[in-house]
Amino acid sequence: MADRRKDLPPVNSAQFQQQVREAISTYLGNRGDKLDRGVTVRDLVDSGLVELNAGFLRGTGVAPIKGPGPNVGTGGGGGGTTPYEPDLSPPPTPTGVTVTAGIDFLMFVTDPPLYLQGHGHGRTRVYGTTWTSGPKPTFADAKELMQFLGNVDSYPTNPATKWHIWLKWVTNDGIASTVPVGGTNGFEVTTGQDVSQLLNALQGKLRNEQLDPASNFRFKANLFTIESTTGSPSINPFTVITTPTLTPAGELLPVGVYMEAAYIKGLEAALARFQTAIITNAMIVSVSASRITSGVINVGSYIQSSNYVAGTTGWRIHGDGTAEFPAAVIRGQLSAAQMNGQGLKITRADGSVVLDAGDSIDPFKGLSVGRNLIANSDQTSAMTWGMGNVNGQIDVPLTYASNKWSDTYVLLGNTTRNVTCHQNGNNGGGDTAVCCDIYPLGNGYTVAQSVAVVPGQKYCFSAYMQAHRCFVGVGLEFFDIGGNAVGTAYSSPTATPHSWGAYQADRLAYYTRPFAMATAPANAVYARVFMRKYNTFAAAEAQESWWWGAAPQFEAVGATATGPGPYTPGPPGSTRQLGYAGDLDATKGATIGSNLFGSFDQGTFDVVMNGRSLIRLAHINTATIGNLRALAANIGVLESYGPNGTFRLQDGKLSMIAASTGVTFFEAGVL
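So, how was this worked out
Residues numbered from 1 in each chain as written. Predicted model: local features only at pLDDT ≥ 70, side-chain atom pairs only at ≥ 80, totals over all residues. Heavy atoms only, no water. Helix = DSSP H or I, 4+ residues; strand = E, 2+ residues; numbered from the N terminus. Buried < 20%, exposed > 50% of the residue type's maximum accessible area, 1.4 Å probe, protein only. Contact = heavy atoms within 4.5 Å. Areas by Shrake-Rupley, 256 points an atom, 1.4 Å probe, with all protein chains shown as cover. Pairing = 2+ DSSP bridges. Axes fitted to C-alpha atoms, helices over the stretch in contact; angles between N-to-C directions. Salt bridge = Lys/Arg side-chain N within 4 Å of Asp/Glu carboxyl O. Core = buried A, V, L, I, M, F, W, Y, C linked by side-chain atoms within 4.5 Å. Phe/Tyr/Trp six-rings, centres within 6.5 Å; stacked < 30°, edge-to-face > 60°. Lys NZ or Arg CZ within 6 Å of the ring centre and 35° of its normal. pLDDT = per-residue confidence, 0-100. Lys, Arg positive; Asp, Glu negative; His and termini not counted. Polar contact = N/O pair within 3.5 Å; in protein donor to acceptor, adjacent residues only side chain to side chain. Patch = residues over 30% accessible without salt bridge, like charges linked within 9 Å, V, L, I, M, F, W, Y side chains within 5 Å. Disulfide = S-S within 2.5 Å.

Chemist: Any chance you could explain the overall build of the protein chain here in plain terms?
Modeler: Across its full length, the protein chain carries three helices and 34 strands. Counting every position in the protein chain, which comprises 671 residues, the buried fraction comes to 35%. Considering only contacts in the protein chain between residues 6 or more positions apart, those separated by 24 or more positions represent 62%. Accessible area for the protein chain stands at about 40500 Å²; split by element, carbon and sulfur atoms hold 54% of it.

And the structure:
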């Protein structure tokens, strides 16, 4: 674990109190990264990592820690995890090192530490000592000043101080470089002078008589300037004003030195203001800027927002690539080698929830959330829908809209086709009375027109519908293994979104999309869905009505979903199998009673869903089944194996066969 702690600035620093408060608050765990919180002896004892000395709490002066605790080497709590194997190989000596002195800081830069010894780079240690006179110091005279992450950091110090500096790299396993970088006497640097202090010394405190008369040269004047001897106007590169001066143009010039151009090899200043600064290389301890535009930013430790508090507000990006954000919008592809699903929520552009995992997504691992489970939902290959629950005169049964019209009421394009039906008259039950139900899973409302479901999973059924002189709606029902309804959900009778007009059934934008949503009960095995046409409006100008339907979708959704997902076509074949995109109907097109050859495994045609399957019709010569439940079965030979023998039912005869001898010890006819 890398050490993110920083040293404190000198006591006379302007930011001393603030940084001390920040450091203490971080160690208390009240601000900053929670991983930087200080660890107390109580924390170590409570975790079982150390054993407390009995005399420590009595104030006998002994050390607090007696030795390793009971959880050392077990992964905590006796979990039996493999102990961590440290790599004690030392890292290389730091390379690419520069040490630069500012006025009140030292700046350190190294090459990126990319070595692999000791499970990689942990931190950089900085050693140093000050020197004024006498023999130059060596590494033995130095003490550790600080540690830092990445390859750039700074150390606060006093002005006008000469330092000798050495650096070592330290691995994640705590092993330092064998030899420090810096040589015998280290990097020798001197911080700049305290400019304010020097200027104060010149402001009337250093008198003429205190200087050497032979070398003293002084002007007493309001203005001192140097001009060129030629040219018109003459060139004036240097002017000194000692008294505020008003120009002929009315501009007040304050006291100071004015230059047209300056060439300075070394500059130290207490305060500098630049309208435009062009800098080749800058080493800065702290930057406050309203905007920074950069081609490349090299971050050694981290960058963060000003309101960052770990796990609460703001954001931070560490130099090692780890990051924390309150939210993120990724316009392209997101690729992740590993994802923590706790609290994962996936929503659509309209805000509806596709998946809300809560604490974990494990109960539905591998589930295809949002996939349309209705086969041939586009009705492109054939018109496979059915109709039932008819309560009125349907004089135009279900048919493609294109069979009735050439364009006006036909969906544009060839991908999704719409289906229509017509009611002649009114069944007398009112506007919300059912006229008929349309079954998108096939022509019927039995187990053969069902979709397998997972108990506890939430599902949503929706469909696009348009109507003339009637309401529309949808419904969803769950059934148990015995075919009993165990749960229902319905939408309210819904009006179409537009007043009727020509060309308002030729595109889905003119349709309404009601939906029904519910969670499959614990005993649910499969579900059926339907679209509903209600009765002709009693007050309609003509007692007849039309219904159009298209793009039905039955999908698994997240626990907090509030509506359906974007429409996607279902599988093209007849089998609707949760969590699998292809057609799983292995017997499609085969002659009933014939043998099917090939390997029908889970990757091709095997009908598998979380360990349970719903098969509407199967003809199997030989099968090995762990658990079989069937509404009806026609079986030639049925055998059940146990440790003591075999149970066999064949040709109306029940037999029991001993496992050890193979002898039939019981046999009886079955009436």
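Chemist: Help me understand the sheet that holds strand S14 (residues 256–259) in this model?
Modeler: The strands that make up a sheet pair up through hydrogen bonds in the backbone, lying either parallel or antiparallel. Pairing within the open sheet is antiparallel, and its three strands lie in the order S10-S11-S14. Here the strands that pair on one side only, and so sit at the sheet edges, are strand S10 (223–226) and S14. Across the sheet, the axes of successive neighbouring strands diverge by a mean angle of 10 degrees, strand direction being ignored.

Chemist: When you look at unusual backbone geometry in this model, what are you seeing that I'm missing?
Modeler: For residues besides glycine, phi is generally negative; the peptide bonds are generally trans as well. The phi dihedral of Asn376 falls on the positive side, at around 55 degrees, and the residue is not glycine. Positionally, Asn376 belongs in the loop between strand S19 (353–356) and strand S20 (386–388).

Chemist: Got a minute to help me understand the pattern of salt bridges in this structure?
Modeler: Pairing between side chains of opposite charge can happen when their charged atoms approach one another. One pass over the structure, following the stated rule, counts seven salt bridges. One salt bridge in this structure joins Arg125 and Glu144, with 4.0 Å as the shortest N-O distance. You can see Arg125 sitting in strand S5 (residues 121–130) and its partner Glu144 sitting in strand S6 (residues 143–148), a full 19 residues away along the chain. The class for Arg125 is buried, based on a relative accessible area of 18%. Judged by its relative accessible area of 38%, Glu144 is partly exposed. Two residues, Arg507 and Asp506, come together in a salt bridge whose shortest N-O distance is 3.1 Å. Overall, Arg507 belongs to the partly exposed group, its relative accessible area being 36%. A relative accessible area of 4% means that Asp506 is categorised as buried. Put simply, Lys136, Lys162 and Glu188 are held in one network by salt bridges that share partners.

Chemist: What should I look at first to understand the nonpolar core in this one?
Modeler: In this structure, Tyr459, Leu476, Phe478, Met531, Trp547 and Phe554 are the most contacted members of the largest nonpolar core, which totals 35 residues. Those elements giving two or more residues to this core turn out to be strand S21 (394–400), strand S22 (419–424), strand S23 (434–439), strand S25 (458–468), strand S26 (470–479), strand S28 (515–519), strand S29 (526–536) and strand S30 (544–557). Apart from the residues within four sequence positions on either side, Trp547 is in contact with Trp385, Leu398, Val419, Thr420, Cys421, Ile438, Met465, Gln466, Val472, Met531, Arg532 and Lys533.

Chemist: I keep staring at the packing of aromatic side chains and nothing clicks. Help me out?
Modeler: To describe a pair of aromatic rings, you give the distance between the ring centres and the angle between the ring planes. All chains considered together, the criterion is met by 19 aromatic pairs. Here Arg417 stacks its cationic end above the ring of Tyr400, 3.5 Å away from the centre of that ring. Arg528 extends its terminal NZ or CZ atom over the ring of Tyr445, reaching a point 5.3 Å from the ring centre.

Chemist: Quick question: what am I supposed to make of the sheet that holds S21 here?
Modeler: Read from one edge of the open sheet, five strands run S21-S22-S30-S25-S28, paired in antiparallel fashion. On the outer flanks of this sheet lie S21 and S28, each paired with one strand and no other. With direction set aside, neighbouring strand axes in the sheet form an average angle of 20 degrees. Taken together, the four bridges between S21 and S22 define a ladder with antiparallel strand orientation. In the strand pairing of S22, Thr399 is matched with Thr420.

Chemist: Just checking my understanding: could you explain the confidence of the model for the protein chain for this structure?
Modeler: Note: predicted coordinates in regions of low pLDDT should not be interpreted at a detailed level. Summarising the model, the protein chain shows a mean pLDDT of 77, and 72% of its residues fall at 70 or more. Per-residue pLDDT, averaged within each element of the protein chain, yields its smallest value for S19 (58) and its largest for S23 (96). Under a pLDDT of 50 for its full length, residues 359–368 has, in the predicted model, 13 contacts with residues more than four places off or in other chains. Note on residues 574–614: pLDDT is under 50 here. Beyond four places in sequence and across chains, it has 74 contacts.

Chemist: For this particular structure, what's the right way to read the side chain of Thr129?
Modeler: The topology assignment puts Thr129 in strand S5. Excluding its chain neighbours within four sequence positions, the residues that come into contact with Thr129 are Pro137, Asp141, Ala142, Lys162, Trp163, His164 and Trp166.

Chemist: Could you clarify how one ought to interpret the side chain of Glu477 in this entry?
Modeler: With respect to the helices, strands and loops of the structure, Glu477 is situated in strand S26. In this structure, Glu477 is buried with no salt-bridge partner, the nearest side chain bearing the opposite charge being Arg528 at 6.2 Å. Of the polar contacts made by the side chain of Glu477, one reaches the side chain of Tyr445; its length is 2.5 Å. Setting aside anything within four residues of it in sequence, one finds Glu477 in contact with Tyr445, Ala485, Gly487, Thr488, Tyr490, Tyr526, Ala527, Arg528 and Phe530.

Chemist: Where do I start with the environment of Gly487 in this structure?
Modeler: Along the chain, Gly487 falls in strand S27 (residues 485–490). On a C-alpha basis, the gap between Gly487 and Leu476 in space is 8.3 Å, while along the polypeptide they are eleven residues apart. Not counting residues within four places of it along the chain, the set of residues in contact with Gly487 comprises Leu476, Glu477, Phe478 and Pro521.

Chemist: Teacher, can you tell me more about the environment of Ser301 here?
Modeler: Looking at the element boundaries, Ser301 is found in the loop between S14 and strand S15 (302–304). Along the chain, Ser301 and His318 lie 17 residues apart, while their C-alpha atoms are 5.8 Å from each other. In this structure, Ser301 is in contact with Leu149, Ile317, His318 and Gly319, ignoring residues within four places of it in sequence.

Chemist: Explanation requested: a nonpolar patch on the surface in the structure shown.
Modeler: Among the surface-exposed residues, Ile635, Leu638, Phe647 and Leu649 lie close enough to one another that they form a single nonpolar patch of about 290 Å² accessible area. With respect to the helices, strands and loops of the structure, Ile635 is situated in the loop between S30 and strand S31 (637–641). For Ile635, a relative accessible area of 42% corresponds to the partly exposed category.

Chemist: Whenever I open this one, the pairing of strand S32 (residues 645–650) confuses me. Can you help?
Modeler: Working note: regular strand, side chains alternate between the two faces of the sheet. Note that S32 and strand S33 (residues 653–658) share six bridges and pair antiparallel. Bridged to Arg648 within S33 is Ser655. Hairpin remark: S32 followed by S33, antiparallel, with two residues in the connecting loop; positive phi at Asp651, about 55 degrees.

Chemist: Can you help me understand the state of the cysteines in this one?
Modeler: Cysteine pairs can be linked by a disulfide, which is a covalent bond between their two sulfur atoms. Under the definition given, this model contains zero disulfides. Cys421 forms no disulfide, and the closest cysteine sulfur to it belongs to Cys436, at a distance of 4.4 Å. A relative accessible area of 0% places Cys421 in the buried class. The thiol of Cys470 is not disulfide-bonded; the next cysteine sulfur, from Cys435, is found 7.6 Å away. In this structure Cys470 comes out as buried when scored by relative accessible area, which is 3%.

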